[in-house]
Amino acid sequence: MDEEENKSIIYVDRAKNVEFRENIQKVKLINQVFRPEAILFETNTFAKSFTQELRQVADINLHDFNTTRKKKQEIILNLQMSLENKKMNFPYGNEESRRVTSALIEELSMFAITERGKFEGVGAHDDMVMSLALANAATYQSSDKFILLDNMGLFDDPKPNRNSGGLLGLNF
């Protein structure tokens, strides 16, 4: 995401029947190469054990995303807004990126407002759309504001009050 909050798809890994450990290694490598601020995982079933394992073996900023119908609707609508506002850039530089972008656009074209008034997939596959929606949602989570504690004067006193118990932790 750039300064104007334009988002670019820079990497897509799409594979079937990948073993648990191989997926762990993939995520660790992707984290090492791209250093994302946050990674959102859909953790409805098997993925919960996946994120627990990742937290144990890697220093990755993981966020569990338990997909309810309402949450899914919300992230899909956020994705729709990003697309409509032309805030999403699709790769189209080489043959592989054109192939991936075409597959993604095909899946996106299968989303519509249904008779029940919900924006959802009407096709057979929505894996890429959901992945993109989660990545898009992660950009909102990663924009949390950070507070530089040095600027708050907390550490200015050269002789802190040792009887206060000290600064044990902060949770904002």
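Residues numbered from 1 in each chain as written. Predicted model: local features only at pLDDT ≥ 70, side-chain atom pairs only at ≥ 80, totals over all residues. Heavy atoms only, no water.

Draft legend 1. The overall build of the protein chain, seen in detail. The secondary structure content of the protein chain amounts to five helices and six strands. A burial count over the protein chain gives 27% of its 172 residues as buried. In the protein chain, the proportion of contacts linking residues at least 24 apart, taken out of those at least 6 apart, comes to 56%. Here the protein chain has roughly 12600 Å² of accessible surface; of this, 50% comes from carbon and sulfur atoms. (Helix = DSSP H or I, 4+ residues; strand = E, 2+ residues; numbered from the N terminus. Buried < 20%, exposed > 50% of the residue type's maximum accessible area, 1.4 Å probe, protein only. Contact = heavy atoms within 4.5 Å. Areas by Shrake-Rupley, 256 points an atom, 1.4 Å probe, with all protein chains shown as cover.)

Draft legend 2. The nonpolar core, seen in detail. Leu 40, Ile 75, Ile 76, Leu 79, Leu 104, Val 129 and Leu 132 are the most contacted members of the largest nonpolar core, which has 19 residues in total. Where this core is concerned, the elements lending two or more residues are helix H3 (69-84), helix H4 (95-109) and helix H5 (127-141). Counting residues per element, this core draws most heavily on H5, at eight residues. By size, the runner-up hydrophobic cluster in this structure holds nine residues, among which are Ile 24, Ile 39, Phe 41 and Leu 54. (Core = buried A, V, L, I, M, F, W, Y, C linked by side-chain atoms within 4.5 Å.)

Draft legend 3. Examining helix H2 (residues 47-57) more closely. The set of residues buried in H2 consists of Ala 47, Phe 50, Thr 51, Glu 53 and Leu 54. Around the axis of H2, the buried residues are gathered within 160 degrees of arc, so they sit on the same side. In the core, the buried residues of H2 are packed alongside helix H1 (20-34), strand S2 (39-42) and strand S3 (62-65). (Arc of directions from axis to C-beta.)

Draft legend 4. Seen up close, the environment of Ile 24. Tracing the sequence through the fold places Ile 24 in helix H1. The exposure class of Ile 24 is buried, given its relative accessible area of 2%. Excluding residues that lie within four positions of it along the chain, Ile 24 makes contacts with Phe 50, Glu 53, Leu 54 and Val 57.

Draft legend 5. Broad picture of the side chain of Thr 51. Looking at the element boundaries, Thr 51 is found in helix H2. Side-chain polar atoms of Thr 51 contact the side chain of Asp 64, separated by 3.2 Å. Other than its neighbours up to four places away in sequence, Thr 51 contacts Phe 41, Thr 43, Leu 62 and Asp 64. (Polar contact = N/O pair within 3.5 Å; in protein donor to acceptor, adjacent residues only side chain to side chain.)

Draft legend 6. The arrangement of a negative patch on the surface in detail. Taken together, Asp 2, Glu 3, Glu 4 and Glu 5 make up a surface patch of like negative charges. For Glu 3, the location among the structural elements is in the segment before strand S1 (7-8). (Patch = residues over 30% accessible without salt bridge, like charges linked within 9 Å, V, L, I, M, F, W, Y side chains within 5 Å. Salt bridge = Lys/Arg side-chain N within 4 Å of Asp/Glu carboxyl O. Lys, Arg positive; Asp, Glu negative; His and termini not counted. Charge placed at Lys NZ, Arg CZ, Asp CG, Glu CD.)

Draft legend 7. Up close: the packing of aromatic side chains. Counted under the stated rule, the structure contains three aromatic pairs. Taking 5.5 Å as the distance between ring centres and 40 degrees as the angle between the ring planes, the aromatic pair formed by Tyr 11 and Phe 34 counts as tilted. Of this pair, Tyr 11 sits in the loop between S1 and H1 while Phe 34 sits in helix H1; the two residues are 23 residues apart in sequence, bridging distant segments of the chain. Of the residues examined, Phe 34 reaches a relative accessible area of 34% and is grouped as partly exposed. (Phe/Tyr/Trp six-rings, centres within 6.5 Å; stacked < 30°, edge-to-face > 60°.)

Draft legend 8. Highlighting H4. The end-to-end C-alpha distance of H4, which contains 15 residues, comes to 21 Å, matching closely the 21 Å that a straight helix rising 1.5 Å per residue would cover. All of the buried residues in H4 are Ser 97, Val 100, Thr 101, Leu 104, Glu 107 and Leu 108. Summarising the axial view, the buried residues of H4 lie within an arc of 120 degrees, below the 170-degree limit, and thus occupy one face. Of the exposed residues in H4, the ones pointing more than 90 degrees away from its buried face are Glu 95, Glu 106 and Ser 109. (Expected span 1.5 Å × (residues − 1).)

Draft legend 9. Local environment of the pairing of S3. The pairing of S2 with S3 spans four bridges and is classified as parallel. Within S3, the position partnered with Leu 40 by the bridge is His 63. For the handedness criterion, the β-α-β arrangement of S2, H2 and S3 is classed as right-handed. (Pairing = 2+ DSSP bridges. Right-handed = clockwise from strand over helix to strand, strands pointing away.)

Draft legend 10. Focus on the pattern of salt bridges. Applying the stated criterion across every chain, the model contains eight salt bridges. One salt bridge connects Arg 21 with Glu 53, and the closest N-O pair in it is separated by 2.7 Å. Linking Arg 21 in helix H1 with Glu 53 in helix H2, this pair joins segments that are 32 residues apart in sequence. Its relative accessible area of 48% is what places Arg 21 among the partly exposed residues. Between Lys 72 and Asp 126 there is a salt bridge, with the nearest N and O atoms lying 3.2 Å from each other. Taken as a pair, Lys 72 in helix H3 and Asp 126 in the loop between strand S6 (119-121) and H5 lie far apart in primary sequence, 54 residues in all. With a relative accessible area of 29%, Lys 72 lands in the partly exposed category. Assessed through its relative accessible area of 21%, Asp 126 is described here as partly exposed. In this structure, a network of salt bridges that share partners links the residues Lys 48, Arg 55 and Asp 64.

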